[in-house]
Amino acid sequence: MSSVSYHISNLLEKMTSTDKDFRFMATNDLMLELQKDSIKLDEDSERKVVTMLLKLLEDKNGEVQNLAVKCLAPLVSKVKEPQVETMVDTLCSNMMSDKEQLRDISSMGLKTVIAELPPSSSGLTLTASVCKKITSQLIGAMGKQEDVSVQLEALDILSDMLGRLSGALVSFHSSLLSSLLPQLTSSRMAVRKRSILALGHLVPCCSPALFSQLTEHLLTELAKGPPTSMTRTYIQCLATISRQGGHRVGEHLEKLIPMVVKFTSVEDDELREYCFQTFEAFIRRCPKEMSPHVATVTQLCLKFMTFDPNYNYDDAEEEEEDSMDIDGFDEESDDEYSDDDDMSWKVRRSSIKCLEALIDTRRDLLLSFYSSICPALLARFKEREENVRADVFSAFSTLLRQTRGGSSHHGLIVAGSDTGASKEEEPAVAMLKKQVPVIVKALHRQLKEKSLKSRQGCFCLLTELAHTVPGALEQHIPALIPGIVFSLTDKSTSSTMRIDALSFFHVLLLSHPPQAFQPHMQVLLPPVVACIDDTFYKITSEALLVTQQLVRVMRPLEQKGGFDPKPFVKEVFSATLKRLKATDIDQEVKERAISCMGHMVCHLGDHLGAELKGVLAIFLERLKNEITRLTAVRTITLIAASQLKIDLSSILPEALSVLGSFLRKNQRALKLGTLACLTTLVTHHAASIKPAALEPVLNELPALVDESDMHVSQVSVTLLTCMAKACPSSLAKISSSVLPGVFRLVHSPLLQGGALAAIVAFLQALVSSKTSNLSYSQLLKSLTEPFHSSPSSADSSVIHRQSYHSVARCVAALSSACPKETPGTVTSLIQEVKNPGSPESARVLALLCLGEVGRNGSLGGSKEVQGVILEAFSSTSEEVKTAASCALGSMAVGSLNDFLPFMLKEITSQPRRQYLLLHSLKEVISACPASSLSAHVESIWALLFQNCECQEEGTRNLVAECLGKLTLVNPSQLLPRLKQQLKAGSPLARSTVVTAIKFTIVDQPAPVDTLLKECIGDFLKTLQDEDINVRRVALVMFNSAAHNKPSLIRGRLATVLPHLYKETQIRKDLIREVEMGPFKHTVDDGLDVRKAAFECMYTLLDSCLEGLDVLQFLDHVEEGLKDHYDIRMLTFLMLARLASLCPAAVLQRLDRLVEPLKATCTTKVKAGSVKQEFEKQEELRRSAMRAVAALLAVPEVERSPSMADFANQIRTNADMASIFQSVQGGEGGGLGPAESMDMS
């Protein structure tokens, strides 16, 4: 400890030296000392250091002064409060000094101190007291009119302080306001500007009363009609406080808008600019409150975006465009007007930015924008000021992005594929398509202008256009090509311009069919090839991407065209080869050169002749290099699959051994790429692969078939299947090592989907490959072995439900591959089921196997099987019953006419087994193609309707699922019938029908969609049903629609939402008290309905956000925050989601939302409660904390006093702080998996 004080006193001594170098070095050493975390100062040293540094601030040497200021920063956190106050006092009084240099240094010092003070929310009194000191001094300084520079410094420091710490200054807000407002009338422009900034920082956290006072003041001043320069200041102030204060302006808009509108008619360009900036702030900050004024503002913007009084746009601008600029001006306007004074461009720019804000915030008005704003923007493409023109382009690009945001295809689909017919086009996209010729006409001339900014704007806009309506530019490609070529060849063009041109060209090639470009090949290719040789690597790599697409254009393998690529092959090849051979280039260029050359070999390999061998040798080299190996693997895959049958024999043996070694590597992408490559090689080039060459690959495969990575397993098994077909001899070697792994997978509970299908195909290939040691019976035995062990042995208890189904699928696959064996297998399976001695697991498996074998249609209508199934239905074991119902369903799928009538008869005659039989029926309806079912629809339909009022909810749900899936067979006839049933049936029948609708909504596009869209309104009317259960299932159905097919309900939100919100309210009449012995227990019958309603609200956030009025939505979320446990959990999730989706609205309601969150986080469970109560409360607190974490991630949130207070409480309360830490740390900032809800 003492050594530190000794060291420091030494330094202090040197600081008094007369030699400035000593002083400089000592100060520097002190700064390094202070920056160490470990340093502790006693009070005496603290005082000395502070006094010394303050003295050094007045040093004669500037460098020493600067260092002393830098020392203040680490000092603030190291010394006690009185010392900080001493520092501040001295600095403040120095600020008033007459010496200019001292003033500057002191204000720097104050800014440094302010930047280092701990933020107020961490609850230190230090900050508050220091800020109060500074503030009172600064208010004094601002009052000093005699010296402007003191005022400016004071305002500057105040802005800094308000920006960082305004929470600590609450007590000063009103005095600050009263001292800042007079500064707005200062005669000095700079003082007014800085006062506006300071007010901007004051606004977010001042009380609503102060905000109103400020707004009122501005309104009164403006109403007096002050001189123009003052008006400018007030309007600018308005713009700033609405940008900073956000939603608070909303309540004053009614008075403000007419005022600002009035001032747009004053002939002053800067004032108009500020007016439009104010509108823009209003639009961005309070879109909802602006709704009634949108039309007014739009009109003004459209009027002033063409405001150019000193320039006359010649309408016949086609020909004499260039000459006009020169002659038009010179004669008259030389003496009285110079172009530099023309400020009208500011008005145009601000009104265009205001329009952009409108387009950005109001997607709901998109269609009206296309009729009003779009033509006006197009007309301004001819704007003469390039800065303004860039803004026009940017606004139009925003319009395009908004259009794309609505349509559900993201990505470049080449037009002319079958997407056009099946998807109805969004109206906005249709309107945009009509405008394409106008857009191209306006832009294509600008693509050849000198101005770089314009050209870049054009390319960005055209890129957006190609993304929004792929294929729309096809007719206009001849008009665009000269522009692209010009930007690539023009000598004066900058490199970013070239990159922009190339990347637009790339998008154009991706989104349009090849025929469109083939006629222009001669013009297009040379400039692109020249760019491959460019010295700047970014241009080279973009050019290689474009070349790769051009190669596909020269000879698209999908269609045989009449275009001959021969004349172009040589120049492309030599340029690409040069880049491919180079080893000293950027990695991106290496990868793209490999890929580009790969496409050349794939599409034009037959034109390369003798060169081909050399290229393949280079690929082999790149395959061995760690940096390029992944790209090389993908390229070899591409070439191997080429239709040109490229001869790879020169590199195959070596490539196979390298690829084999990749399967050992830990890099997953490389493993998957390698497996895909091997599969392609084995499929297309089996003839030229010698069995010995496959050895290195075969040895690696067994290890890859493992349940820890299902996808890798699936791809590996697919490769094995290809080998079994292409080179069976090599497979015999590894069957002993690979099969155990495959069987382990089959018995794994994780196996499903693609991996299961791959294994099924593999087993079929194995049996068919006639390898001696893998006969049908052996495979069958290995599959079914685990199910036959007696239950007492250890491992049989872990057989998972999923593995029964997997094994059954495999058994059926084997039997369909060897039809001769099937009858024997079926007989032994039937024996197995009948044998009472065999273990339950074996009986269940046998039933499922019978079902799967039957699904392939190889049982016929054997009566014996029906008997066996019926017998199983009366078994005592639930598992056996369920298996029997599955099996019956599968058999019926295989031979409808044999089993379906039998099933329907049983359903009618056996009420006790209805549930099981309905399960079988569901299987049939789900799996049979519509064509084969249509004959039976009537009989099934009638039967289902007899059972739709069953008392058992489980049975009703099954009936509903069958009805829904049956409706998909013939929607045009059956949907109207469901609609009829709504009017006819009892509440139970209605609930069944509504649930049936839920099952007609599937997540893929289906023919039923258009019909559903028309009549879903009738089904949604059940949200007003008097029966509470019907309302609940209606909400569940609505939720399913919002989740899987939002397009069905988007147009109906206005009518549905009021009913949805009504269901979120707690209803007293549904809460009843039940006496349980001595205790009274309250039961809330409305809970399930409320839960369903809140789940719908959560789903709507994801799928239909733009159709919601978020503030109204938040009212109901707020109610939910005080509801039952389950609902609170849901609303916390919603709050977290809302904080990231629409932070502005959440900030508006923050004060009301904080209270319930606070209540949840601070509640304690009663001492004697059961364990579940504690766990529930803990879960609630964690969930609430996640919502708080999400709120705290919103910028500017702690400007709300109540939120800052709560955040402070969390940080100081150990219990809450630990929950907060765990939520933030454990779940990736509290917004990871915690936020997504299970919607199953």
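Before any of the text, the structure's been laid out above.
No experiment lies behind these values; they were computed from the predicted model shown.

Now for the overall build of the protein. Helix and strand content of the protein: 61 helices and two strands. In terms of principal-axis extent, the alpha carbons of the protein reach across some 110 × 95 × 75 Å. The buried share of the protein, reckoned over its 1240 residues, is 53%. For the protein, restricting intrachain contacts to residue pairs at least 6 apart in sequence, the fraction spanning at least 24 positions comes to 74%. Total accessible area on the protein stands at roughly 54,000 Å², and carbon and sulfur atoms take up 53% of it. Computed over 132 positive and 148 negative side-chain charges, the inter-centroid distance for the protein is 5 Å.

What follows deals with the packing of aromatic side chains. Across all of its chains, the model carries nine aromatic pairs by this definition. Here the aromatic rings of phenylalanine 381 and phenylalanine 393 are separated by 5.2 Å at their centres, their planes lie at 75°, and the arrangement is edge-to-face. Residue phenylalanine 381 is located in the loop between α19 (366-379) and α20 (386-406), and its partner phenylalanine 393 is located in helix α20; the two are separated by twelve residues in the primary sequence. You can call phenylalanine 381 buried: its relative accessible area is 1%. The class for phenylalanine 393 is buried, based on a relative accessible area of 1%. Where phenylalanine 381 meets phenylalanine 396, the ring centres are 5.6 Å apart and the plane angle is 75°; that geometry is what we call edge-to-face. You can see phenylalanine 381 sitting in the loop between α19 and α20 and its partner phenylalanine 396 sitting in helix α20, a full 15 residues away along the chain. A relative accessible area of 0% places phenylalanine 396 in the buried class.

Here lysine 346 is to be found in helix α18 (residues 344-361). In this view, lysine 346 contacts Glu270 and Glu273; residues no more than four positions away in its chain are not counted.

Turning next to the nonpolar core. Counting residues in each nonpolar core, the largest one holds 413 residues, and the members touching the most others are Phe396, Phe505, Leu623, Met723, Leu921, Ile1049 and Leu1100. For this core, the leading source of residues is helix α56 (residues 1125-1141), giving eleven residues. Leaving out residues up to four positions away in the same chain, isoleucine 1049 has contacts with Ile1016, Leu1020, Phe1038, Ala1041, Ala1042, Leu1100 and Cys1104.

With that settled, the discussion passes to the pairing of strand β1 (residues 1071-1076). It is a general feature of regular strands that their side chains alternate between the two faces of the sheet. The pairing of β1 with strand β2 (residues 1079-1084) spans six bridges and is classified as antiparallel. Bridge pairing in β2 links valine 1074 to histidine 1081. Between the end of β1 and the start of β2, which pair antiparallel, lie two residues, with glycine 1077 showing a positive phi angle near 60°.

Another aspect to go through is the pattern of salt bridges. Any two side chains of opposite charge can pair, given that their charged atoms come close. Scanning all chains against the criterion turns up 46 salt bridges. One network of salt bridges, with partners in common, ties together Asp308, Arg348, Arg380, Glu383 and Arg384.

We now examine the environment of glutamate 58. The topology assignment puts glutamate 58 in the loop between α3 (43-56) and α4 (62-78). Sequence-wise, glutamate 58 and isoleucine 105 are 47 residues apart; in three dimensions their C-alpha atoms are separated by 8.5 Å. Beyond its immediate stretch of four places on either side in the chain, glutamate 58 contacts Gln65, Asn94 and Leu102.

So, about the environment of glutamine 831. Along the polypeptide, glutamine 831 turns up in helix α40 (residues 822-834). Residue classification places glutamine 831 among the partly exposed residues on the basis of a relative accessible area of 42%. Distance from glutamine 831 to alanine 846, taken between C-alpha atoms, is 9.1 Å for residues 15 residues apart in sequence.

The next point concerns the environment of leucine 57. Residue placement: leucine 57 occurs in the loop between α3 and α4. Looking at leucine 57, the relative accessible area reads 0%, which means it is buried. The spatial distance from the C-alpha of leucine 57 to the C-alpha of alanine 376 is 60 Å, given a sequence separation of 319 residues. Apart from residues lying up to four places away in sequence, leucine 57 is in contact with Gln65, Ala68, Val69, Leu91, Leu102 and Ile105.

In this structure, serine 242 sits in helix α12 (residues 228-245). Using a relative accessible area of 0% as the deciding quantity, one classes serine 242 as buried. Within polar-contact distance, the side chain of serine 242 engages the backbone oxygen of alanine 239 at 3.2 Å. Setting aside residues no more than four positions away along its own chain, serine 242 makes contact with Val249, Ala281, Phe282 and Arg285.

In this model, helix α29 (residues 587-604) (18 residues) spans 25 Å end to end at C-alpha, consistent with the 26 Å of a helix rising 1.5 Å per residue. Residue aspartate 586 occupies the N-cap position of α29, its side-chain oxygen lying 3.1 Å from the main-chain nitrogen of glutamate 588.

Attention now goes to the packing of α56 against helix α58 (residues 1150-1162). Taken N-terminus to C-terminus, the directions of α56 and α58 make an angle of 130°; their axes are 12 Å apart at the nearest point. In terms of orientation, α56 lies oblique with respect to α58. For the pair α56 and α58, the sense of crossing is left-handed. Where α56 approaches α58, its residues Arg1128, Phe1132 and Leu1135 are matched on the opposing element by Leu1153, Leu1157 and Thr1160. When grouped by side-chain class, the residues that make up the contact of α56 with α58 number four nonpolar, one polar and one charged.

Glancing now at helix α22 (residues 427-444). Its 18 residues give α22 an end-to-end C-alpha distance of 26 Å, which sits within 8% of 26 Å, the value for a rise of 1.5 Å per residue. Taken as a whole, α22 carries its principal kink of about 45° at glutamine 435; the proline proline 437 stands between one and four residues after it.

Look at helix α31 (residues 629-640) against helix α33 (residues 668-685): their axes get within 9 Å of each other, and the N-to-C directions meet at 25°. It follows from the interaxial angle that α31 and α33 lie roughly parallel. In the packing of α31 onto α33, the handedness of the crossing is left-handed. Together, Arg629, Leu630, Val633, Arg634, Ile636, Thr637 and Ala640 of α31 and Ala669, Leu670, Gly673, Thr674, Ala676, Cys677, Thr680, Leu681, His684 and His685 of α33 make up the contact between the two elements. A class-by-class count of the residues in the contact of α31 with α33 yields nine nonpolar, six polar and two charged.

Calculation notes
Residues numbered from 1 in each chain as written. Predicted model: local features only at pLDDT ≥ 70, side-chain atom pairs only at ≥ 80, totals over all residues. Heavy atoms only, no water. Helix = DSSP H or I, 4+ residues; strand = E, 2+ residues; numbered from the N terminus. Buried < 20%, exposed > 50% of the residue type's maximum accessible area, 1.4 Å probe, protein only. Contact = heavy atoms within 4.5 Å. Areas by Shrake-Rupley, 256 points an atom, 1.4 Å probe, with all protein chains shown as cover. Lys, Arg positive; Asp, Glu negative; His and termini not counted. Charge placed at Lys NZ, Arg CZ, Asp CG, Glu CD. Phe/Tyr/Trp six-rings, centres within 6.5 Å; stacked < 30°, edge-to-face > 60°. Core = buried A, V, L, I, M, F, W, Y, C linked by side-chain atoms within 4.5 Å. Pairing = 2+ DSSP bridges. Salt bridge = Lys/Arg side-chain N within 4 Å of Asp/Glu carboxyl O. Polar contact = N/O pair within 3.5 Å; in protein donor to acceptor, adjacent residues only side chain to side chain. Expected span 1.5 Å × (residues − 1). Axes fitted to C-alpha atoms, helices over the stretch in contact; angles between N-to-C directions. Parallel < 35°, antiparallel > 145°, perpendicular 65-115°, else oblique. Left-handed = near helix turned anticlockwise from the far one by under 90°. Nonpolar A, V, L, I, M, F, W, Y, C, P; charged D, E, K, R; others polar. Bend = angle between axes of the 7 residues up to and from the residue.

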